[in-house]
Amino acid sequence: MGSVADVSEEDSTWIFGFGSLIHNPNFDSAQRVEGYVKGWRRVFWQGSTDHRGTPEAPGRTVTLVPDDNSKVWGAAYKLQGDPNEQAKTLKYLEWREKQYDQRHRVDVFGRDPNAAPVVRGALVYIATQDVTKNVNWLGEASLEDLAKQIATAKGPSGPNDEYLYNLAESMRKLEVDDPELFKLEEAVRAYSLQQNA
């Protein structure tokens, strides 16, 4: 994984992905580091009307909400190229994450819980409940309602359940136990089976 010294040069830009960016960044990176951020919880509270749903039937994608007792695993990417090339990648990410209304800087930690961050100050895109800036905020819902919505929504980037399944598989590949995510995955699969029975 590397130490902070070899992955956090001052002139480099790092992006932390906690959703589809983990398995499908769709941009060139100079380095990828797996790790987690502290003090955040991953939740399916953001509506997706442009990728995994439509304005008439929004899908749900993940965002982060503050939670002192939680951590969220994902992947950090060091952007490739000179400042102009990095600016182009950031422009693409601004388009891709356009429904996410806040930008934060986070430290990314590795497998050793006592070690320093493996990446400092990675940029992360977060959707918040401020509906004046984020019109697609959906917020909390019961497990049953989440499962039904995710199992049935489809958008230009594909079915909403595919997004969930890919994220769950990404956590398995990282050998991360994410009970909340896996419980939702199980509920979506069960709902789909019932509908197809």
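Check the entry above for the structure.
Residues numbered from 1 in each chain as written. Predicted model: local features only at pLDDT ≥ 70, side-chain atom pairs only at ≥ 80, totals over all residues. Heavy atoms only, no water.

(A) Quick peek at the nonpolar core. Counting residues in each nonpolar core, the largest one holds 51 residues, and the members touching the most others are Phe16, Phe44 and Met171. When residues of this core are traced back to their parent elements, those giving at least two are strand 1 (14-17), strand 2 (29-48), strand 3 (59-79), strand 4 (102-108), strand 5 (119-126), helix 3 (143-152), helix 4 (160-173) and helix 5 (179-196). Counting residues per element, this core draws most heavily on strand 3, which supplies eight residues. (Core = buried A, V, L, I, M, F, W, Y, C linked by side-chain atoms within 4.5 Å. Buried < 20%, exposed > 50% of the residue type's maximum accessible area, 1.4 Å probe, protein only. Helix = DSSP H or I, 4+ residues; strand = E, 2+ residues; numbered from the N terminus.)

(B) Representation of the packing of aromatic side chains. Throughout the structure, instances matching the rule amount to six aromatic pairs. With a centroid separation of 5.9 Å and an interplanar angle of 25 degrees, the aromatic rings of tyrosine 36 and phenylalanine 109 are classed as stacked. You can see tyrosine 36 sitting in strand 2 and its partner phenylalanine 109 sitting in the loop between strand 4 and strand 5, a full 73 residues away along the chain. Residue tyrosine 36 is classed as buried on the basis of its relative accessible area, which comes to 4%. Taken together, a centroid distance of 6.0 Å and an interplanar angle of 35 degrees make the contact between tyrosine 92 and tryptophan 95 tilted. Here tyrosine 92 and its partner tryptophan 95 are both found in helix 2 (residues 83-96), three residues apart, which amounts to about one turn of the helix. Members of the aromatic cluster, each reached through a chain of ring pairs, are Tyr36, Trp73 and Phe109. Above the plane of the ring of phenylalanine 109 lies lysine 38, whose end atom (NZ or CZ) is 4.0 Å from the centre. For the cation-ring pair, lysine 71 lies above tyrosine 36, with the distance from its terminal atom to the ring centre recorded as 4.3 Å. (Phe/Tyr/Trp six-rings, centres within 6.5 Å; stacked < 30°, edge-to-face > 60°. Lys NZ or Arg CZ within 6 Å of the ring centre and 35° of its normal.)

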